[in-house]
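These are the residues of each chain, in order.
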Amino acid sequence: MMPSQITRQKAGDKPSNGDRGSVLSRAVRVADLAFDFMKIVLYGRNRTGKTTLACEWPKPLLLVSFEPGMGGGAKSVKKVPGVEFIRLTSTDDAVNLARELRTDTHFKTHVVDSASSLQDVALAELMGLDDVPVQLNWGLVPEGAYQARSEKAKEVIRPFTDLAAHTIISALEKDHNKRQDARKSKLI
(Lines give C-alpha, C1' and ligand atoms only; values in the text may rest on other atoms or scores of the structure.)
Protein backbone atom coordinates (compact mmCIF):
# COMPACT_ATOMS: atom_id res chain seq x y z
CA MET A 1 0.00 0.00 0.00
CA MET A 2 1.37 3.42 -1.01
CA PRO A 3 1.22 6.49 1.26
CA SER A 4 -1.36 9.02 0.10
CA GLN A 5 1.03 11.97 0.38
CA ILE A 6 4.76 12.39 0.77
CA THR A 7 6.07 15.62 2.27
CA ARG A 8 9.68 16.60 2.22
CA GLN A 9 10.95 17.94 5.56
CA LYS A 10 13.07 21.04 5.77
CA ALA A 11 15.90 21.53 8.23
CA GLY A 12 14.41 22.47 11.59
CA ASP A 13 10.98 20.99 10.82
CA LYS A 14 9.47 18.89 13.54
CA PRO A 15 8.84 15.30 12.50
CA SER A 16 5.15 14.81 11.98
CA ASN A 17 3.36 11.69 12.97
CA GLY A 18 -0.21 11.32 11.82
CA ASP A 19 -1.16 9.66 15.08
CA ARG A 20 -2.22 12.48 17.43
CA GLY A 21 -1.73 10.15 20.41
CA SER A 22 1.94 9.71 19.54
CA VAL A 23 4.42 10.51 22.28
CA LEU A 24 6.81 11.98 19.70
CA SER A 25 4.13 14.41 18.49
CA ARG A 26 4.33 16.17 21.87
CA ALA A 27 7.97 17.21 21.34
CA VAL A 28 8.55 20.97 21.11
CA ARG A 29 11.56 23.08 20.23
CA VAL A 30 13.62 24.02 23.27
CA ALA A 31 13.52 27.66 22.13
CA ASP A 32 9.71 27.57 22.52
CA LEU A 33 9.77 26.44 26.15
CA ALA A 34 8.48 28.82 28.80
CA PHE A 35 11.17 30.41 30.96
CA ASP A 36 11.79 28.53 34.17
CA PHE A 37 13.63 29.94 37.14
CA MET A 38 16.78 28.30 38.42
CA LYS A 39 16.77 26.78 41.90
CA ILE A 40 20.23 25.84 43.15
CA VAL A 41 22.18 25.11 46.32
CA LEU A 42 25.74 26.35 46.82
CA TYR A 43 27.54 24.17 49.32
CA GLY A 44 31.07 24.72 50.55
CA ARG A 45 33.45 25.72 53.30
CA ASN A 46 33.44 29.05 55.06
CA ARG A 47 34.76 32.02 53.05
CA THR A 48 34.96 30.22 49.69
CA GLY A 49 32.75 32.67 47.75
CA LYS A 50 29.27 31.14 47.99
CA THR A 51 27.57 34.48 48.73
CA THR A 52 29.71 36.33 46.20
CA LEU A 53 28.82 33.79 43.49
CA ALA A 54 25.12 33.87 44.44
CA CYS A 55 25.06 37.65 44.11
CA GLU A 56 26.13 37.39 40.47
CA TRP A 57 22.61 36.24 39.53
CA PRO A 58 20.13 38.64 37.85
CA LYS A 59 19.32 41.85 39.72
CA PRO A 60 17.51 43.20 41.60
CA LEU A 61 18.52 40.53 44.09
CA LEU A 62 17.35 40.05 47.67
CA LEU A 63 19.98 38.63 50.02
CA VAL A 64 18.15 36.99 52.94
CA SER A 65 20.61 36.31 55.72
CA PHE A 66 20.36 34.14 58.81
CA GLU A 67 24.03 34.70 59.58
CA PRO A 68 24.88 36.02 63.05
CA GLY A 69 26.01 39.62 63.36
CA MET A 70 24.46 42.77 61.94
CA GLY A 71 26.28 42.44 58.60
CA GLY A 72 24.98 38.91 58.30
CA GLY A 73 27.66 37.76 55.87
CA ALA A 74 26.98 40.54 53.35
CA LYS A 75 30.40 42.20 53.63
CA SER A 76 31.76 40.32 50.60
CA VAL A 77 29.05 41.80 48.34
CA LYS A 78 28.90 45.30 49.78
CA LYS A 79 29.93 46.89 46.49
CA VAL A 80 27.79 44.71 44.20
CA PRO A 81 25.07 46.91 42.65
CA GLY A 82 21.46 45.73 42.69
CA VAL A 83 21.71 43.69 45.90
CA GLU A 84 19.32 44.43 48.77
CA PHE A 85 19.85 42.86 52.18
CA ILE A 86 17.62 41.66 54.99
CA ARG A 87 18.77 39.83 58.11
CA LEU A 88 16.24 37.52 59.75
CA THR A 89 16.46 36.18 63.27
CA SER A 90 13.39 33.93 63.38
CA THR A 91 11.82 31.20 61.30
CA ASP A 92 8.44 32.98 61.53
CA ASP A 93 9.92 36.07 59.86
CA ALA A 94 11.34 33.86 57.11
CA VAL A 95 7.99 32.17 56.42
CA ASN A 96 6.24 35.57 56.39
CA LEU A 97 8.88 36.98 54.02
CA ALA A 98 8.43 34.06 51.61
CA ARG A 99 4.67 34.67 51.74
CA GLU A 100 5.19 38.38 50.90
CA LEU A 101 7.55 37.51 48.05
CA ARG A 102 4.84 35.40 46.34
CA THR A 103 3.29 38.61 45.00
CA ASP A 104 6.56 40.52 44.56
CA THR A 105 7.60 41.31 41.00
CA HIS A 106 10.59 43.49 41.88
CA PHE A 107 13.25 40.89 42.73
CA LYS A 108 14.54 38.58 40.01
CA THR A 109 16.67 36.57 42.44
CA HIS A 110 16.38 35.52 46.10
CA VAL A 111 19.43 34.25 47.99
CA VAL A 112 18.92 32.40 51.29
CA ASP A 113 22.24 32.76 53.12
CA SER A 114 22.72 30.32 54.76
CA ALA A 115 20.76 27.15 55.37
CA SER A 116 23.31 26.21 58.01
CA SER A 117 22.67 29.41 59.99
CA LEU A 118 18.93 28.92 59.51
CA GLN A 119 19.33 25.53 61.21
CA ASP A 120 21.06 27.26 64.13
CA VAL A 121 18.15 29.73 64.41
CA ALA A 122 15.65 26.84 64.29
CA LEU A 123 17.54 24.92 66.98
CA ALA A 124 17.65 27.97 69.27
CA GLU A 125 13.88 28.39 68.83
CA LEU A 126 13.20 24.71 69.52
CA MET A 127 15.32 24.85 72.67
CA GLY A 128 13.80 28.14 73.86
CA LEU A 129 17.11 30.04 73.75
CA ASP A 130 17.19 33.81 73.29
CA ASP A 131 20.29 33.78 71.10
CA VAL A 132 21.91 31.32 68.77
CA PRO A 133 24.76 29.76 70.74
CA VAL A 134 28.23 29.78 69.19
CA GLN A 135 28.52 26.04 69.63
CA LEU A 136 26.40 23.56 71.52
CA ASN A 137 27.98 20.63 73.29
CA TRP A 138 26.48 17.24 72.60
CA GLY A 139 25.05 16.92 76.11
CA LEU A 140 23.06 20.17 75.90
CA VAL A 141 20.84 19.21 72.99
CA PRO A 142 17.94 16.88 73.82
CA GLU A 143 17.36 13.73 71.81
CA GLY A 144 15.52 14.39 68.56
CA ALA A 145 16.27 18.13 68.54
CA TYR A 146 18.64 17.92 65.59
CA GLN A 147 16.05 16.05 63.52
CA ALA A 148 13.35 18.57 64.50
CA ARG A 149 15.76 21.40 63.59
CA SER A 150 16.30 19.92 60.11
CA GLU A 151 12.56 19.51 59.56
CA LYS A 152 11.90 23.10 60.65
CA ALA A 153 14.63 24.41 58.32
CA LYS A 154 13.11 22.48 55.38
CA GLU A 155 9.67 23.97 56.16
CA VAL A 156 11.20 27.45 56.02
CA ILE A 157 13.26 26.91 52.84
CA ARG A 158 10.57 25.14 50.79
CA PRO A 159 8.37 28.25 50.24
CA PHE A 160 11.40 30.13 48.87
CA THR A 161 11.97 27.43 46.23
CA ASP A 162 8.38 27.84 45.00
CA LEU A 163 8.75 31.57 44.25
CA ALA A 164 8.66 32.98 40.72
CA ALA A 165 12.30 34.07 40.78
CA HIS A 166 15.75 32.51 40.75
CA THR A 167 16.40 30.98 44.16
CA ILE A 168 19.86 30.27 45.51
CA ILE A 169 20.40 28.63 48.87
CA SER A 170 23.87 28.57 50.38
CA ALA A 171 24.91 26.00 52.93
CA LEU A 172 28.08 25.80 54.95
CA GLU A 173 30.13 22.65 54.97
CA LYS A 174 30.91 22.13 58.62
CA ASP A 175 34.49 21.06 59.15
CA HIS A 176 34.78 19.08 62.38
CA ASN A 177 38.54 18.70 62.08
CA LYS A 178 40.85 20.89 64.11
CA ARG A 179 42.14 23.76 62.03
CA GLN A 180 45.89 23.76 61.59
CA ASP A 181 47.70 27.03 62.02
CA ALA A 182 48.79 28.20 58.56
CA ARG A 183 51.84 29.91 60.10
CA LYS A 184 53.39 26.62 61.23
CA SER A 185 56.04 25.39 58.89
CA LYS A 186 55.69 21.96 57.36
CA LEU A 187 58.17 19.29 58.27
CA ILE A 188 60.19 17.90 55.39
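See the structure shown above.
What you see is a predicted model, and the numbers here were worked out from it, not measured in a lab. (Residues numbered from 1 in each chain as written. Predicted model: local features only at pLDDT ≥ 70, side-chain atom pairs only at ≥ 80, totals over all residues. Heavy atoms only, no water.)

**Overview of a nonpolar patch on the surface**
Here is step 1: A surface patch of nonpolar side chains, about 310 Å² in accessible area, is lined by Val-28, Val-30 and Leu-33.
Here is step 2: Looking at the element boundaries, Leu-33 is found in the segment before β1 (39-44).
Here is step 3: A relative accessible area of 52% places Leu-33 in the exposed class. (Patch = residues over 30% accessible without salt bridge, like charges linked within 9 Å, V, L, I, M, F, W, Y side chains within 5 Å. Areas by Shrake-Rupley, 256 points an atom, 1.4 Å probe, with all protein chains shown as cover. Salt bridge = Lys/Arg side-chain N within 4 Å of Asp/Glu carboxyl O. Helix = DSSP H or I, 4+ residues; strand = E, 2+ residues; numbered from the N terminus. Buried < 20%, exposed > 50% of the residue type's maximum accessible area, 1.4 Å probe, protein only.)

**Observations concerning the nonpolar core**
Here is step 1: Val-64, Phe-66, Leu-97, Leu-101 and Phe-160 are the most contacted members of the largest nonpolar core, which has 20 residues in total.
Here is step 2: Of all the secondary-structure elements, those providing two or more residues to this core are β2 (61-65), α2 (91-101), α3 (115-127), α4 (145-161) and β5 (166-172).
Here is step 3: Setting aside chain neighbours within four positions, we find Phe-66 in contact with Leu-88, Ser-90, Ala-94, Val-112, Asp-113, Ser-114, Ser-117, Leu-118 and Val-121.
Here is step 4: Formed by 10 residues, the second largest nonpolar core is a distinct cluster that contains Leu-42, Cys-55, Leu-61 and Ala-74. (Core = buried A, V, L, I, M, F, W, Y, C linked by side-chain atoms within 4.5 Å. Contact = heavy atoms within 4.5 Å.)

**Here's the deal with α3**
Here is step 1: A rise of 1.5 Å per residue sets the reference length of α3, with its 13 residues, at 18 Å; its end C-alpha atoms lie 18 Å apart and thus fit the reference within 8%.
Here is step 2: The complete set of buried residues in α3 reads Ala-115, Ser-116, Ser-117, Leu-118, Val-121, Ala-122, Leu-123 and Ala-124.
Here is step 3: Contacts from the buried residues of α3 go to α2, α4 and β5.
Here is step 4: In the stretch just after α3, Gly-128 is the one whose phi turns positive, near 70°. (Expected span 1.5 Å × (residues − 1).)

**A few points about α2**
Here is step 1: All buried positions along α2 are accounted for by Thr-91, Ala-94, Leu-97, Ala-98 and Leu-101. Seen along its axis, α2 keeps its buried residues to an arc of 115°; they face one direction. The exposed residues of α2 that point more than 90 degrees off its buried face are Asp-92 and Glu-100.
Here is step 2: Here the buried face of α2 lies against β2, β3 (83-87), β4 (109-113), α3 and α4. (Arc of directions from axis to C-beta.)

**Remarks on the environment of Leu-140**
Here is step 1: Topologically, Leu-140 is positioned in the loop between α3 and α4.
Here is step 2: With relative accessibility at 52%, the residue Leu-140 sits in the exposed group.

**A short note on the side chain of Thr-51**
Here is step 1: Position of Thr-51 relative to the elements: it lies in helix α1 (residues 50-54).
Here is step 2: Judged by relative accessible area, Thr-51 falls into the buried class, the value being 12%.
Here is step 3: Filtering out sequence-adjacent residues up to four positions away, Thr-51 remains in contact with Leu-63, Gly-73, Ser-76, Val-77 and Asp-113.

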